[in-house]
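The primary structure of each chain is shown beneath.
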Amino acid sequence: MNGAADMGGMHGFGPVEPEPNEPVFHAAWEKKAFALNMAIGVAGIWNLDAFRFARESLPPPQYLNTSYYGLWVVTLENMMLKHGVATSEEIAAGHALAPDAAAPRPVTAAMVADMVRCGSPYDRPAPAPAKFKVGDTVRARNMHPKTHTRLPRYVRGHVGEVVRIVGCHVFPDSNATDGREDPHWLYTVRFDGRELWGADSDPTVRVSVEAWEPYLEPA
Amino acid sequence: MQQPHAPHDHGHGSELDEMALRVRALETILIEKGLIEPAALDELIETYETRIGPRNGARVVARAWVDPDFRRQLFADGTAAIGALGYGGRSGNHLLALENTPSVHNMVVCTLCSCYPWAVLGLPPLWYKSAPYRSRAVAEPRAVLREFGVELPSETEIRVWDSTAELRYLVIPMRPAGTDGWSEERLAGIVTRDSMIGTGVLTRSREPAR
């Protein structure tokens, strides 16, 4: 989708401000926002791509005016409501008003430690041979789905070169929407800075994205 | 342990209190419904505050500087190489190491949000997740680097890697001159987090007082 999260190439946000001796979290609630989202992920009620889609679906003014972990909080709340984990009355009350009859066993410390150690690999067996090879010239499709996609706007319609075949990976576009993994080949595609940003851009710049096969066409 | 909010988040003065209340409500509901045990939250916070951070990545870099076999493996199969040092898992299942050279400088961003190699660098700094970095790193990386105090030769190729999939990147910075004969541990001590994102370069003078 063309939401506020897709920021590559936007102007007007000002300078980058590195913070000396930055702490991992800036407030106690940020720790909880992080941990709650990670832990509930282990329960498997929704997947990572669905969470990302929900976050980038926030109205642009809200997205841009909310801090990073604030976005995690608002999105968690939305997902709990959407998936029937909580009612709006419960969120207003700050307490459960009824037990969750369908609750799986609770996520424990041992379960999250396993999740951190094992992660969640996204590579899958390939259903078909890769269509492109290293060195191929490809065009990122000019597509504007209203659903989740990981093809940033700034590369759409532009021509680049396949520099690496990453593997066959879960396709976020379908996984976010209906949980279908529908694995596709994933490529590193490199673009010349001038192709993306015009003749005045820095000629020494190359920008690459990871692009699934459905994002690409021969050029 | 409430800490002052970051200067980047100006304009959200009341957000702190509001968010603290909202998080508490969600936490209470999830625990009361039997979905999450409180100890799971403590485990996650402690893991990323104390156990998984940029010292992991610094060990990978130092090993790559002193051990040619490890270096070869790291660039051939980054996931396996960091696995041999005990790193991997969450946000580290698919890792690509990027080699900085005198002619090529690599720099990592996630324009869409905040993808970052947690397994070797921990959680990303605020600036990495901020709109200025996400919007500009892909369009004017030299200007962004200057804001980090990094000035590269004008002919150096800058490769910006936008983390749009579950592949994560670790930049392997160039080993500074004047460090011949240093132990792996001493070398790891001069590897900064920013140098492994590609927004910093290393000099020997960064070594902390010994």
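Throughout what follows, the structure given in this document is the object of discussion.

Parameters and conventions
- Residues numbered from 1 in each chain as written.
- Chains lettered and ligands numbered in written order.
- Predicted model: local features only at pLDDT ≥ 70, side-chain atom pairs only at ≥ 80, totals over all residues.
- Heavy atoms only, no water.
- Salt bridge = Lys/Arg side-chain N within 4 Å of Asp/Glu carboxyl O.
- Contact = heavy atoms within 4.5 Å.
- Buried area = accessible area lost by both parts, 1.4 Å probe.
- Polar contact = N/O pair within 3.5 Å; in protein donor to acceptor, adjacent residues only side chain to side chain.
- Helix = DSSP H or I, 4+ residues; strand = E, 2+ residues; numbered from the N terminus.
- Nonpolar A, V, L, I, M, F, W, Y, C, P; charged D, E, K, R; others polar.
- Pairing = 2+ DSSP bridges.
- Buried < 20%, exposed > 50% of the residue type's maximum accessible area, 1.4 Å probe, protein only.

## A look at the pattern of salt bridges
For side chains of opposite charge, pairing can occur when their charged atoms come near one another. Summed over all chains, the structure comprises 28 salt bridges over all chains. We note a salt bridge from Arg51 of chain B to Glu46 of chain B, for which the minimum N-O separation is 3.3 Å. Put simply, Asp49 and Arg52 of chain A together with Glu166 and Arg168 of chain B are held in one network by salt bridges that share partners.

## Some thoughts on the interface of chain A and chain B
Contacts between chain A and chain B engage 93 residues on the former and 85 residues on the latter. For the pair chain A and chain B, the summed buried area comes to about 8,100 Å², and 64% of that belongs to carbon and sulfur atoms. In terms of surface lost to chain B, no three residues of chain A exceed Val16, Trp29 and Tyr68 of chain A, which account for 9% of the buried area on that side. With its nearest N and O atoms 2.9 Å apart, the salt bridge here joins Lys32 of chain A to Glu27 of chain B. Seen at the junction of chain A and chain B, the total is 34 residue pairs in polar contact (both at pLDDT 80 or more). No other element matches helix α1 (residues 28–43) of chain A, which puts 12 residues into the side of chain A that touches chain B. For the side of chain A that touches chain B, the class distribution of residues is 55 nonpolar, 17 polar and 21 charged. Judged from the five bridges that link them, strand β4 (residues 205–212) of chain A and strand β3 (residues 157–162) of chain B form a sheet pairing that is parallel.

## With respect to the side chain of Asn175 of chain A
Residue and element names in this part refer to chain A. Among the secondary structure elements, Asn175 is positioned in helix α7 (residues 172–178). When its relative accessible area of 6% is taken as the criterion, Asn175 is described as buried. If we ignore the near neighbours within four places in the chain, the residues touching Asn175 are Asn47, Asp49, Tyr122, Val170, Arg180 and Glu181.

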